[in-house]
Each structure stands twice: as C-alpha cells, then as structure tokens.
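Architecture at a glance
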Amino acid sequence: MTQLVKVSNLKKNFGTFTAVKSISFNINSGEIYGFLGPNGAGKTTTIKMLTGILVPTSGKIEICGLDLLTHPLEVKSQIGVVPDEPKLYENLTGQEFLEFVGSIFLMDKDEMKKRIEELCDAFEINFLEKFIGDYSHGMKQKLMLTSVLMRKPKVIFLDEATVGLDAKSAKILKMLLKKYANEGSSIFMTTHVLEIAEKMCDRIGIINAGEIIAEGTLSDLRNESGKQSLEDIFLQLTGSTDEEVKEIIQNL
Amino acid sequence: MNKLTLLIRYKLKMWSNIPLRRGRRKIPLPFYILMLAGVFIAISVPLYLFTLDLFQNYSKIIFNGISLADLFVEISMIGIFVLVLVTDTPAIALNVFMSEDVDFLLSLPISQSTIFISKNLETIIQGGFPALFVIPILISYANATMMPWYMITVMFLMYIIYFVIVNSISSIIALGVSKFASRSGTQRFMVFTSLIVYVLSILLMSTVSSLNPNDKNITEAFASYLSTINLPFLPSTWFINAIKLRIDGLLPLIITATILAFVTYRISSSGILSGYSKMKSATKHIRMRNYNLKSPEQAFVSKDLKLMRREPSILFLLIYPAIFPLFLLIGGVMGRGQSSITHALTGGILISIFISSMYTVIATASLVSIEIKVGEFIKTLPVGNRTPLWSKAFVITGAFAIVMMVTFSILSAFFGGFILSVITVLLSIPVLLILSFFGVYATVKWPNSIGGVRRPLNTTGNFVSMGIGFLGALIATSEGLYFSGNRIFPFLSPAYQFLIFLAGPIAGEIIMAFVIFELLSKIDWANPYETK
Ligand SMILES: Nc1ncnc2c1ncn2[C@@H]1O[C@H](COP(=O)(O)OP(=O)(O)O)[C@@H](O)[C@H]1O
Ligand SMILES: [Mg+2]
C-alpha cells in the first residue's frame, strides 16, 4: 500500500511559542485520516504546514512521494485544500472563481463542466453567477469544496469542512469523500465533531497542545483506553474526565 | 432616547479607536472635532468672502421678482439636494439596511426606530459633511441682503427642515434599493455616484467662477436660464420663499418635511430593517454554462483585471488622469485663443502623466492587498510565488497607460498634438512599470494589516511611496516636457536641455529600476505575505 502523506518530526514555532511539537504520521492511499483535538491544539497549524501555507520550523513532509519543501508546485498541483474559513475574492463571481482555479490547474474544459454540474446538483449550488462577497459562510464553503472536488485531487485536506454546511450537504460531502477514498485518494480532515470522526475516519489521530497523544483505528483507541465512545476516549486523553465536566457544570 | 445616545456614544468611541487599532496613538475625540472644525473653517471663510462679493453684486439683478442672488441660493440648494441624495442613498442602504451590526443590534432590546435613527445619524455624520458648506453661503447671503437676526434663525431652521426632506427621501430610496440590490452591487454603485458628484461640482464651480457680474449680457442670459430652476414644486423654491417668510414657502416645506419624516419613521419602526434580501437564489435549474479556461498566467491577468475593474478605490485612481486634463482644458477654452488651448493641452498631458505616476504605486498596492486578504488560498495553488505579483504590476501599468492613451486620443482628436501624446505615453510606460513594481514591494514591506484596499500601506509605506511616486512622476514628466518642445528654461542651450530633460531622467529611470528590482529580489518570495 502506498503512503501518499508522510510526515516526520514536524514542528512549528510562533516566536517562542511552539504550536506543533514534533509530530509524525502517515496516511495511506484510500484512507480517511481524522485529526481530532480541542481548540488551539494545533490542527489548523498542521494543515497549513501540510499544504504549503506555512513553512515548518523543522521536520519533513512528503506528499505523493515528493518533498513539499523542494517540490512545492508539483505537490500543490496534486492536492486540494478546503480551509476552515474560506477567504475568497469578494469581487469575483462563483463561476469566475471556478474558471480561475480550473485554468491554474490546467483542467480539461468539458470534464470540468461535467464535474461542476454534478457537484452543483449535489450541493444545491445555484448562486454561481453571484458575487462571492454576497455569499454566506456555507455558500463560500460549498464553492471552495466544488473548486477542490471538481479536480479529484490525489490528496484532500479539509479543515472543519462540515462546520458551515447544512445537514444534507454535510451528508453528501461525507459520502463523496468516502467515494474518493475508495477510488484511491487520501483524505486528511480535522474536526471536533466526534461523531463524524467515528463514522467516517479509517484512522484517527488525537492532538493536544501540539502533540499527538493517541493514534490508530477506532478499535485500537477503544482497546487502549478501555472506553467505548470516542467522546469518553477523547475527554480522557485530553485530560478531562466525566466527573470533572460534571463538577464544572454544577458550579456554574 | 437614552439608548440612542448610548448607541451614538459607542459609535464615536469606535471611530476614535481606529488610529489605536492601526498601532498609533489614540486621538482624543475633542481633538478630532477640533481638526474637523479647522478644515471646515479653512474652507468656509474663503467661501464666505467669495460668495459675499458675489451676492452683493447679484442681489441687484432682479428678474420677475427673483434676484440673481436668490437663484444662486436655489442652485446651491439643488446642488446640495442632489449631492446628499446621491451620496447618502447608497450609504444609508449599506449602513442601515445592509449593515452587519444591525443584525446584532436587532437582537438587543432596542426599538427598531432607535436603531434606524442612530444608524441614520451615523451616516449623516460620516457623509453629510458637504451639507455644512451651505452654511457660509447662507450667512453671506444673509449679510448681503441685510437680513435681521430672527430671519437668519428662521433660515437655519428651514435649512434643517430642508435637510430632513432630503434625508427622508434618501432613506426611502435606500430601503427600496436594499430590497433588490446586493451588498457588493451597492458598494460598486457608490463609486459612480461619487463620480457624478465630482463632475457636477467641477462643472458648477467653473460655470460660477466664469461669470462676470459686470458683463450685462452674460448675467442676463444666465438669469433667464436659471429662472427655469425656480419651479413651484421644488423644495429649493420653497426654501428661498420660506426664508423670506412667505407662506407659500413655509407651508409646503414644513408640511412635506413632516409627512416624509413621519413616513420614514413609520417604515423604520415596522420591522423592515432586518428584511434585506441577502441573495435571491430563485433559479432552480442550473443553467448550462460555458467555462472559459486559459493558461495559468492569462488566468491571473484576467482575474486581476476583473478585481481591478470592480474595486471602486482603484477605479477612482484611474479616473483622475483622465479628468484633470479636461479640467485644464475647460480653463484653456475659457481663456480663449489658440495658444492658451495648446498650452492647456500640453499642461493637461503632463499633469495626466504626473498623476498616473503618483497613483500607480498606490493602485498596485491596493490590488496586491486584495491578494493578501486571500493570501492563504493563493499559496495552495501550483503557481510560482511571483506570478500573482507580476500580473498585478502589469495590469495596473496597462490600465494607466490605456487611460492616458484614450484621454489623449480624444483630446488630440479635437485639439491636435497626437504625435506628442503617443511619444509621452510610450515614454512613461517604463516608469509606470517600475513604480508599479515598487508598489508590490511596498505592500509586502509595509503592509497596513487592517487598512483594507483603501489604505493598503502603513504610515512609513505611504510616506516612502509618495516620495518614490513623486520621483517617478518627475522623471516621466520631464521626458514628456522635452518632447513637447516646451522650453521652460529658454536660456539653456539645446545640449543642456537634452541633458537635463532627457538623458538625466533616463539615467534616473535606469538607476531606479535597478534599485527596485534589487529590493524586490530581497523579499522572501516563498512567503511574501507572511505577517507576524
Ligand atoms: N500566526 C500565529 N501566530 C502566533 N500563534 C499562532 C498563530 N497561528 C496559530 N497560533 C497559535 O497556535 C495554536 C494552535 O492554533 P491552531 O492550529 O489554529 O489550533 P486549532 O487546533 O484550533 O486549529 C494556538 O494556541 C494559536 O493561538
Ligand atoms: Mg482550527
């Protein structure tokens, strides 16, 4: 089995603060990897390093067999990124944005048209002729998803991708990602919706304060901790027990 | 009422916090008010003196019971009506009906009408500044016609009532606008309304200042032309009648203001604020679209062109080099005589080049700052780090060159001098390109993280780019000057002329290009937008 993403000893400092402390993991082709962690754990920082947005302080990132630092363009042409907070050109229409992305990635015109129409049907997108500045958060997210999924990239990175989506679109996204994984893509997604991780991800990494504190399939995690639900596992690992939570609630 | 003052107090606080957020010292509110008052006085005292002289002459010329002075006041009132209507309507639409913080305010226990009034006042404070300049005009009118104090009081009261009418009309139109227009569309529309105001005021100023009250023929023609303005259904006519305490002025003015204010108030308190149509996504079936694909470089250029075309603040900068020669030419035509026209034409071309050079830096910086806003997205694309920046420099240079080209072609179609225009434009293109690359450098080096597209550079950046822009402008204009054959130093021999106006500037240009490309190469291109 090929490993499409190989990360070793990845580290990121912001000044004196270390946001990500020397993490390592691999993702196989056809695998959906869930990256869990509380707010501020370093999920977004990690995804930004993996997609060439942030330069790591140290460590090695290999994607599709290429080193990201030495072959950034080759890597970027094979990956797709859906950020947590899509910031797009407000004065372009959705269609113009898709044309721009399609041109940059040298897409085939007919293929692109076909894919976009399918995705528009799936996500109920009927606002491509409007300016992005008038989109809601969820609409921007859908546009960003379309611009990524229309290319069928080998590796897809999603940061809290389901946050702005309505229930139906979220469901469709989950099914699409499964389908793409079955076709051989690797998917790296951060989330703090545990249910999504539980249902979708083949493997889960839990990150806390910049360190991966547990990794494996759901059953691995269950065996290790002796707990059934991912919520309990997660709370235990990130250092807060059920009793603690109850106490906090009581004191409120 | 309490809540209203609270809302306004907080808004004022937010405004005075703006410099603080830019990392500068906080400016206390009284200081701001003092500063604005200073600007106001600096403009209104000369205006007062100018119009006083005018009114004293004009009040003696009377047609059908209306003096030319009255008509001048009416014109000013119509002018301010159009101005406030045109600038305030989109501003109110954006500020009151499409504002994001209205959504928040509506969730608080504050009545709709309070929110509406506070937001409306906010817009008036921000955009109603021009309306103040009618005050010195009115005072000098009062002085020239020797009004007693109680009539002056009535006059100002009437002015406030007049303003209420204008503001109510803008609010009602703005409400309509907010129902069918989108936010970004309204924003783009604002640039054109401001442009209309700009052109109108230039036209008005040049007509008024070209009038010579001692020339009987012109003033009579003017007066009869103006009398078409004194129509009985116009609020401006009511106003001029009202300040003479005539009942046919007072009554319609007060009644109309009351009705309009009441209607606006009722509309504002009836749950209409929240109802702005964010987006109409009615089209159920997806139209068959054709997608236009290009090469990556072309895609960048075409995207940047679109962004430039749709960014009001950049468009504004692009309009100046076209407008200023026109302004000069009006003066030249009025001065009459072929030689003054030729002078005006050369002057116009040179000014246009000068302005283009000055604005190229800031326009490029604005365009780059749009990219910085979405910086992370760009970094995920498989394009070289320089492509996005190169394309912006070329787009802005091309835009200024085309604006100048078109302006000069139109001018030379009427006044000749085509060859000169072509030569000067061609000569200025390299300078513009260099300046534009400097704009790229400046935005990366001295970004203003919260200034947005309008203020892309911080104080240092602004200062330095003004200097560099000025230098570039000097270079471009002296080259133009050389070819225009306009010898400003006739005592210099041709050899010296050549050295000072052509060889020197070209050498300067080469040095500048060298330095700027050297600077650019020092930027961390792998991470041009990295901010701490
Ligand atoms: N540009 C930055 N400069 C300084 N600190 C940062 C920066 N970006 C993120 N951080 C810090 O790094 C930590 C991890 O952030 P992030 O990766 O966004 O967390 P999350 O897991 O919620 O996505 C946080 O403490 C955050 O404050
Ligand atoms: Mg995050």
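Quick look at the packing of helix α7 (residues 134-144) of chain B against helix α8 (residues 149-180) of chain B now. All names here are of chain B. Where α7 contacts α8, the axes come no closer than 11 Å and their chain directions differ by 150 degrees. In this view, α7 runs roughly antiparallel relative to α8, as classed from their interaxial angle. The two elements α7 and α8 cross, and the hand of that crossing is right-handed. Here V134, I135, L138, I139 and A142 of α7 come into contact with α8, specifically with I152, M155, F156 and Y159.

All right, on to the sheet that holds strand β10 (residues 211-216) of chain A then. Residues and elements named next belong to chain A. Sheet architecture is open: six strands sit in the order β6-β7-β8-β3-β9-β10, paired in mixed fashion. Each having just a single partner strand, β6 (79-82) and β10 make up the two edges of the open sheet. This sheet shows a mean twist of 15 degrees between the axes of neighbouring strands, independent of strand direction. Across the face of the sheet, helix α5 (residues 137-149) comes into contact with β6 and β7 (155-159) while running at roughly 175 degrees to β6. Lying over the sheet, helix α9 (residues 230-237) contacts β3 (32-36), β9 (203-208) and β10, oriented at roughly 30 degrees with respect to β9.

Glancing now at the sheet that holds strand β2 (residues 17-28) of chain A. Residue and element names in this part refer to chain A. On the basis of which strands lie adjacent, the open sheet formed by four strands has the order β2-β1-β4-β5 and antiparallel pairing. For this open sheet the edge positions go to β2 and β5 (66-67), each flanked by a neighbour on one side alone. As defined by bridge partners, strand β1 (residues 3-14) adjoins β2 across eight bridges and the pair is classed as antiparallel. Pairing of K6 across the sheet is with N26, part of β2.

Residues and elements named next belong to chain B. Residue position: T407 is located in helix α17 (residues 387-415). Looking at T407, the relative accessible area reads 9%, which means it is buried. Ignoring anything within four residues of it in the chain, the contact list for T407 reads P321, A322 and P325.

What follows deals with the state of the cysteines. Residue and element names in this part refer to chain A. Evaluation of the coordinates by the stated rule reveals zero disulfides over all chains. Lacking any disulfide linkage, C201 is separated from the closest cysteine sulfur, that of C64, by 19 Å. The buried category is assigned to C201, whose relative accessible area is 9%.

By the element assignment, B:T380 lies in the loop between α16 (375-379) and α17. Taking the C-alpha atoms as reference points, B:T380 and B:V431, 51 residues apart in sequence, are found 33 Å from one another. If sequence neighbours within four positions are ignored, B:T380 has contacts with A:T51, A:I53, A:K76, A:V81 and A:F105. A distance of 2.6 Å separates a polar atom in the side chain of B:T380 from the backbone oxygen of B:F377.

Residue and element names in this part refer to chain A. Lining the immediate environment of ligand 1, one finds F14, F17, A19, P38, N39, G40, A41, G42, K43, T44 and T45. With respect to ligand 1, the backbone of G40 contributes an N or O atom lying 2.7 Å from an oxygen atom. Taking G42, its main chain carries an N or O atom lying 3.0 Å from an oxygen atom of ligand 1. With the chains in place, 59% of the 560 Å² that ligand 1 exposes on its own is no longer accessible. Where the shell around ligand 1 is concerned, the elements lending two or more residues are β2 and α1 (43-50). Considering each element in turn, the shell around ligand 1 owes the most residues, three residues, to α1. Among the residues forming the shell around ligand 1, the class breakdown is five nonpolar, five polar and one charged.

Another point: the interface of chain B and chain A. Taken residue by residue, the interface counts 41 residues in chain B and 48 residues in chain A. Both faces considered, chain B and chain A share a buried interface measuring about 4,200 Å² in area, 61% of it formed by carbon and sulfur atoms. The interface formed by chain B and chain A includes two salt bridges. For the salt bridge of B:R310 with A:E96, the shortest nitrogen-to-oxygen distance reads 2.6 Å. The tally of links between chain B and chain A comes to eleven residue pairs in polar contact (both at pLDDT 80 or more). Among the secondary structure elements, those contributing two or more residues to the side of chain B that touches chain A are α9 (183-209), α13 (296-309), α15 (338-373) and α16 of chain B. Examining the composition of the side of chain B that touches chain A, we find that six residues originate from one element, α13(B), more than from any other. Looking at side-chain class alone, the side of chain B that touches chain A contains 16 nonpolar, ten polar and 15 charged residues.

The rules we used
Residues numbered from 1 in each chain as written. Chains lettered and ligands numbered in written order. Predicted model: local features only at pLDDT ≥ 70, side-chain atom pairs only at ≥ 80, totals over all residues. Heavy atoms only, no water. Axes fitted to C-alpha atoms, helices over the stretch in contact; angles between N-to-C directions. Helix = DSSP H or I, 4+ residues; strand = E, 2+ residues; numbered from the N terminus. Parallel < 35°, antiparallel > 145°, perpendicular 65-115°, else oblique. Left-handed = near helix turned anticlockwise from the far one by under 90°. Contact = heavy atoms within 4.5 Å. Pairing = 2+ DSSP bridges. Buried < 20%, exposed > 50% of the residue type's maximum accessible area, 1.4 Å probe, protein only. Disulfide = S-S within 2.5 Å. Polar contact = N/O pair within 3.5 Å; in protein donor to acceptor, adjacent residues only side chain to side chain. Near = heavy atom within 4 Å. Areas by Shrake-Rupley, 256 points an atom, 1.4 Å probe, with all protein chains shown as cover. Nonpolar A, V, L, I, M, F, W, Y, C, P; charged D, E, K, R; others polar. Buried area = accessible area lost by both parts, 1.4 Å probe. Salt bridge = Lys/Arg side-chain N within 4 Å of Asp/Glu carboxyl O.

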